[in-house]
Amino acid sequence: MTDIRQIAECAERAVQQGKQWAELRTAGQWIGWLEFDPALAKNRLCLASVKDINDFHYPLADISARSRVHEYGGGSWCLWENGLAYVNEADQGIYWLALDDASAKSEQVWQRTDYRYADLTFDPVNQRLLAVEEDHTAQALASNPSGVREPVNRLVAIAIELSSASQRTVLAEGADFYAGPVAGPLINNQQQLSWISWNHPHQPWLSTTVSLAQVNAQGGADVIWQFNADEQAISCVQPGFDASGNLLFVSDHTGYWNLYRYLYRTSSPAPLSVEELANELVALYPSTSEFAAAPWQLGGRHWASLDATGSLGNGCLGSRWLATGLNPKSGQSELFVGAQSGVTRLPLPQPAARLHGITFNHDTQMGYAIQECQDRSAAIVSWSLNDAEAAGTSVGSASGSDEQNDDPKVAVCSTIAPWPKPDADEQPAAPEALQIPCGQSASEAQGSQTGGSRQIQHLQAWLYKAHSQPQSQTGSQPLSEYSDHSVNGLIIQLHGGPTAFADSSFDAQRQFWCEQGYHVLVLNYRGSSNLGKAYRSALQGSWGISDVEDVFVACDYVIQQGLAKAGQLFVRGGSAGGYTVLQVLSHPDAQAHGIAGGASHYGISDLLLLDQFTHKFESQYLNWLIGDAEQDRQRYLDRSAIHNLDTFQLPVIFFQGAIDKVVPPEQTRAIYDALQQRGIRSEYVLFEGEGHGFRKAEHRIDVLIKELAFYQAS
């Protein structure tokens, strides 16, 4: 397709299809979620009756619900039987809307200048909101004993009743970060709270602490138990309670993010090691599936309790749960129901690239989730618990039964606008899961210099064929049988993070490249999440080396498989993915691996500058990825493209936001100017009003059009 008008139409359609749904919640007769619309650059609240989810509306159409805690936000709204609360993007204040009065308007609950809030949850016992608070006041910024100016994080409770004498109560403070506050049910006139905390230099996917606390007479929290208080390399996330008041949470202390239930001790509490504490945890479904994702944003949910409060005896261990786990072998999400009798895998109407926002309505006994599909836009799916259990496959019962019943009862309730359009001639390209063999790399051989040996045998990736290519139905035929040298080339897509995961969810922009005649290989290089702790940890100390090696391994593989010719390969990525793009293009061996050029979307190019000026959440992330900035300064310079421009030989196009605080535009412009002086083909596209990531639809369209033209000219 060469007509510029047709290309522009395809780019516009790809961006318009870029709506995203997240943070699914249900309570009483209501269900709701957040919708990010790139055309509006807003997060809008969607609300519907559970009786007809397809008939949803926007109760706050002009308001964007978005938190800026940790800069990435998340958990920006919550729902209960007769109301909802949200964080207003405009002022970061907390507002609420009564749902039992159709004429009600949203009211401000709490707002203070230079304060931000996130991870909202409702405490029905005390009629208050639990939240993560981030204090950016001058006093807070100057309070760090180390002299580093950074905000202060706390856990707080905010009373919804505006006339409350003490509307705000501090629940926990002193740790560098907090997440996941949750209130338990009232059992014997006692209530418990739980949350996650962590400290520098860790990230939440490296080391966190679970706290369990008793609510005291003043509404505060008295900690009575902690797991991983000594901050070992254990990541715990998503705490919650079942109907009996038992604490459940996800932990990776056995190598995968699995769901556990805490068994209360009857003896007097005493300091215990992590190993001893782990003996008090019951693994609800031990497996290699990952029941969490790297928590870049707050508010993520991969499990829910299924029994209503009071339906079981106090301390009963037979309560039921619902959870979604990502199978690292298939790369797809699976849905499980657990009970005392065993664990059942629920059927789905089609493969799930990702399930998230797991929630359960105790009034209707219906479960809900957002299902990211491979061949169409996301949908909200629902199921009747009893029907779904009857149609499931037993995977962990006491009898060891492995029989599957028929008639899946999971229903699609509501979906984002479908792809392709009804009059489209071609179906979307279907992803093929690849396991790319990789021997011991140079970074692994170095061992101690890059964080230790990491014997990863295969790289996980997704292959999307250009639209002229037939799709593999069984995966049994060699990939080369589907090759066609009329294809324009192959694009290797690199995710950001770098501790993140690129799943096979439908992505209209991937489809755009396939429409233009390019294969797309979405690579989960070493260090990616959702593939187990060992894979996730494999980038320690070697960012800028291992990921580059993995790109070269992928290049050699696709050439060997006949998917592309040398000189037809391009690499693209944003932020951390853009960093790897620049590292690849400035590597002296890049051309030898068949790479022709690439696109850096707000890519990091100066690690020392990033270390000095990045925000609190990531301020010590580089210690783990690279090393200490002072002791390992030369390593920072060696792995920064801006300091290695002499080896830069390949064409590159830069896309940059004018108000980007993570990657200053001056930094990207300096690389571009240096390449221009050396005669290296390069382009620089600056978008006014954009930060670290592009939100405006017209800019996202422009990216696709300009990037395609750049590849076509290579």
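In what follows, the structure referred to is the one given above.
Residues numbered from 1 in each chain as written. Predicted model: local features only at pLDDT ≥ 70, side-chain atom pairs only at ≥ 80, totals over all residues. Heavy atoms only, no water.

### So, helix 13 (residues 665-678)
Going by this rule: The way it works is that DSSP assigns letters per residue, a run of H or I at least four long becomes a helix, a run of E at least two long becomes a strand, and they are numbered from the N terminus. A helix's residues, less one, multiplied by 1.5 Å, set its expected span. Should any heavy atoms of two residues lie within 4.5 Å, those residues are counted as being in contact.
Helix length check: helix 13, at 14 residues, gives a terminal C-alpha distance of 20 Å against a target of 20 Å (1.5 Å per residue), a fit within 8%. Among the structural elements, helix 9 (576-585), helix 10 (607-613), strand 36 (652-657) and strand 37 (682-687) are those in contact with the buried residues of helix 13.

### What to know about unusual backbone geometry
With omega at 10 degrees, the peptide bond leading from His 200 into Pro 201 counts as cis. Mapping Pro 201 onto the fold places it in the loop between strand 14 (192-198) and strand 15 (209-215). Unusually for a residue other than glycine, Ala 41 sits at a positive phi of about 55 degrees. Checked against the element boundaries, Ala 41 lands in the loop between strand 2 (30-37) and strand 3 (42-49). Located in the positive-phi region is His 70, a residue other than glycine, with phi close to 60 degrees.

### So, the sheet that holds strand 3
Filter applied, for reference: By this definition, two strands are paired if DSSP reports at least two bridges between them. For helices, the axis comes from a line fit to the C-alpha atoms of the stretch in contact; other axes are also lines fit to C-alpha atoms, and the angle between any two N-to-C directions lies between 0 and 180 degrees.
Pairing is antiparallel in the open sheet, where 4 strands are placed in the order 1-2-3-4. Here the strands that pair on one side only, and so sit at the sheet edges, are strand 1 (20-27) and strand 4 (52-57). Shown here is a sheet whose adjacent strand axes are inclined to one another by a mean of 30 degrees, direction ignored.

### Remarks on the packing of helix 1 (residues 4-16) against helix 14 (residues 697-712)
Test applied: Note on terminology: angles under 35 degrees are roughly parallel, angles over 145 are roughly antiparallel, angles of 65 to 115 are roughly perpendicular, and the others are oblique. Crossings are assigned a handedness: left-handed for a near helix turned anticlockwise from the far helix by less than a right angle, right-handed for a clockwise turn. Note on residue classes: Ala, Val, Leu, Ile, Met, Phe, Trp, Tyr, Cys and Pro are nonpolar, Asp, Glu, Lys and Arg are charged, and everything else, Gly too, is polar.
Following both chains from N to C, one finds helix 1 and helix 14 inclined at 135 degrees, their axes separated by 9 Å at the closest point. It follows that helix 1 is oblique to helix 14 by the angle criterion. Handedness of the crossing formed by helix 1 with helix 14: right-handed. Residues Ile 4, Ile 7, Ala 8, Ala 11, Glu 12, Ala 14 and Val 15 of helix 1 touch helix 14, and the partners they reach there are Ala 697, Arg 700, Ile 701, Leu 704, Ile 705 and Leu 708. Of the residues that constitute the contact of helix 1 with helix 14, the class distribution is 11 nonpolar, no polar and 2 charged.

### Notes on the sheet that holds strand 8 (residues 107-110)
An order of 5-6-7-8 is seen for the 4 strands of this open sheet, with the pairing classed as antiparallel. Each edge of the open sheet carries a strand with a single partner, namely strand 5 (77-80) and strand 8. Within the sheet, the average angular offset between the axes of one strand and its neighbour, ignoring direction, is 25 degrees. Examined bridge by bridge, strand 5 and strand 6 (residues 83-87) share 4 bridges and lie antiparallel to one another. Considered in strand 6, the bridge of Trp 77 is made with Tyr 86.

### Comments concerning the environment of Cys 10
Mapped onto the secondary structure, Cys 10 falls in helix 1. Along the backbone, Cys 10 and Leu 704 are 694 residues apart, and their C-alpha atoms lie at a distance of 9.3 Å.

### Considering empty space enclosed by the protein
Spelled out, the test is: Method remark: on a 1 Å grid restricted to protein atoms, a set of points is classed as a cavity if a 1.4 Å probe fits but cannot get out and as a pocket if it is open with protein on both sides within 12 Å along at least five of seven lines; lining residues have an atom within 4 Å of a point. Grid points are joined across faces, edges and corners, and a volume is the space filled by probe spheres set on the points.
Scanning the entire structure with this criterion turns up 1 cavity of 30 Å³ or more. Space inside the largest cavity adds up to approximately 30 Å³. Leu 609, Leu 610, Phe 613, Thr 614, Lys 661, Val 662 and Pro 664 together form the lining of the largest cavity. Of the residues in the lining of the largest cavity, the class split is 5 nonpolar, 1 polar and 1 charged.

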